[in-house]
Amino acid sequence: MTSEDRFFALFKPEAGRLYRTAWAILGNEADAGDAVQETTIRAYRAFDQLKGGAVAFPAWIRRILVNTCTQIIRKRTRVIPVERPEDLSEERMTPDMQLSLDGDVWDAVRELDERYRAVVVLRFLNDMQLEDIATALDIPLGTVKSRLHTALKVLRTKLQAENGERRGAV
Amino acid sequence: MPCDDFQAELVEYLHGSLPPDRKAAIENHLSTCQACAEEAVAMRDFGRMLSRGLREWVDEGVCPPDVMAQIEESLRPARRRSWWKSWPAYASAVAAVFILVVVAASQTMDMSHQIASIPLVGGLATNLLYPNHDVDVDDLDGRTPGEPVASTEHDGVRLDVYKPVTGTDAVRIQYALRGELLDTQAAMTRFEATLAGSKGALKIHRLQIVRTTGEVLLTAEYEPVLPGQALTLTVKNLPLTVPVDKDEWQVSLKP
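What comes next is a walk through the structure. (Residues numbered from 1 in each chain as written. Chains lettered and ligands numbered in written order. Predicted model: local features only at pLDDT ≥ 70, side-chain atom pairs only at ≥ 80, totals over all residues. Heavy atoms only, no water.)

Turning our attention to the overall build of chain B. What chain B contains, in helices and strands, is eight helices and 12 strands. Expressed as a percentage of its 255 residues, the buried residues of chain B come to 43%. Here the analysis covers contacts within chain B between residues at least 6 apart in sequence; of these, 60% occur between residues at least 24 apart. Put simply, chain B shows about 13,400 Å² of open surface, and 53% of that area lies on carbon and sulfur atoms. (Helix = DSSP H or I, 4+ residues; strand = E, 2+ residues; numbered from the N terminus. Buried < 20%, exposed > 50% of the residue type's maximum accessible area, 1.4 Å probe, protein only. Contact = heavy atoms within 4.5 Å. Areas by Shrake-Rupley, 256 points an atom, 1.4 Å probe, with all protein chains shown as cover.)

Here is the structure:
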């Protein structure tokens, strides 16, 4: 089996998870496709440096993916500098941050504003430490904390309301 | 501790990022305040539910066929390189490497404005660049002579610096980056390096770069310096696959 065969044998079972992880971080499928493509090229070129063999591959390529995604977010931030208050209270949330009343966990998370969604996904899907999220997104640690705090309040209110409605409907 | 203070620190407490004294204060408060204790449990359970829900959604993912097709297409050039690498008998003779020659007037190697890219067969190009230098063909595989005199490493990427050679016309220094490196010219055009002596940055006269997968070997010639000087090599904007925290690396070389 060639190196190329080995790479694709390991990559293909992960492709769907990588795609959705990128979608979760970046918020749309077009950017997710680009991120997975770039990640695959990077991983393929560095494949001979993978330590730990097949077992280590999923975590290794996911790390490259997360770095690729956070790079994309940082570029977005540089291209579109937007001055926004970081300590949004629920009363000050913009309409696009309000959550709809249908769907499950992902439906609730996907409707968060990008600044909040990325922090939530990096923390709760990718298990990143708050300090690492701050570094990856190039934002202060305090901003990570405040965004997480606000996002969790919103999500909790939203998902609890949904659960309440479901229970009421039964 | 007032309940409002607890609420402000709840996120950090649940994510284990509070300093020990604050953590102890929170736990002390939780032992005396039932409402906050219930809130902490509810928030912790909610976080677990959030993780589980996101992971289930990710595990159900399927990469769309058009994205897979694009990936296969984009890997074609890299796959061709692998084919050449699988033929070692031919590789040392004909594997094309990029030789980037810089004749710079500035004090740094900001190559984005002054680069000339000459893809040539390695041995020929190297001999053209250094006609009086006896070149070992192994150099073309990215191997460097001898052991490095100084190294620095961050997040799996290593910078090895080899003993500088000081002559009457120039100082020559070789250094290599090894690890998860981007193998693109665009990445290399952002790369910068400065060699400084006791009187500041030296003017660079010539630079050779040999890139292979996972390794970049650079040979640079600078204006001459008086013997016995300490030199400092600073590199920044490294062509890394995976970004690292430290983007500017410095290595000091004793005389």
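Read on for the rest.
Interfaces are often sized by the accessible area lost when the parts come together. Every contact between the two is made by 48 residues of chain B and, on the other side, 49 residues of chain A. Summed over both sides, the interface between chain B and chain A buries roughly 4,500 Å², with carbon and sulfur atoms accounting for 66% of that surface. For the chain B face of the interface with chain A, the top three residues by lost area are His15, Leu54 and Trp57 of chain B, together amounting to 16%. When the shortest N-O distance is used, the salt bridge between Glu39 of chain B and Arg156 of chain A registers 2.8 Å. (Buried area = accessible area lost by both parts, 1.4 Å probe. Salt bridge = Lys/Arg side-chain N within 4 Å of Asp/Glu carboxyl O.)

Here the focus is the packing of helix H5 (residues 114-124) of chain A against helix H6 (residues 130-137) of chain A. Residues and elements named next belong to chain A. Their axes nearest at 10 Å, the elements H5 and H6 cross at an angle of 135°. Accordingly, the angle class assigned to the pair H5 and H6 is oblique. Once H5 is placed against H6, the crossing between them reads as right-handed. Contacts between H5 and H6 involve Ala118, Val119, Leu122 and Arg123 from the former and Leu130, Ile133 and Leu137 from the latter. Tallied by class, the residues present in the contact of H5 with H6 amount to six nonpolar, no polar and one charged. (Axes fitted to C-alpha atoms, helices over the stretch in contact; angles between N-to-C directions. Parallel < 35°, antiparallel > 145°, perpendicular 65-115°, else oblique. Left-handed = near helix turned anticlockwise from the far one by under 90°. Nonpolar A, V, L, I, M, F, W, Y, C, P; charged D, E, K, R; others polar.)

Function cannot be inferred from these measures alone, as they are strictly geometric.
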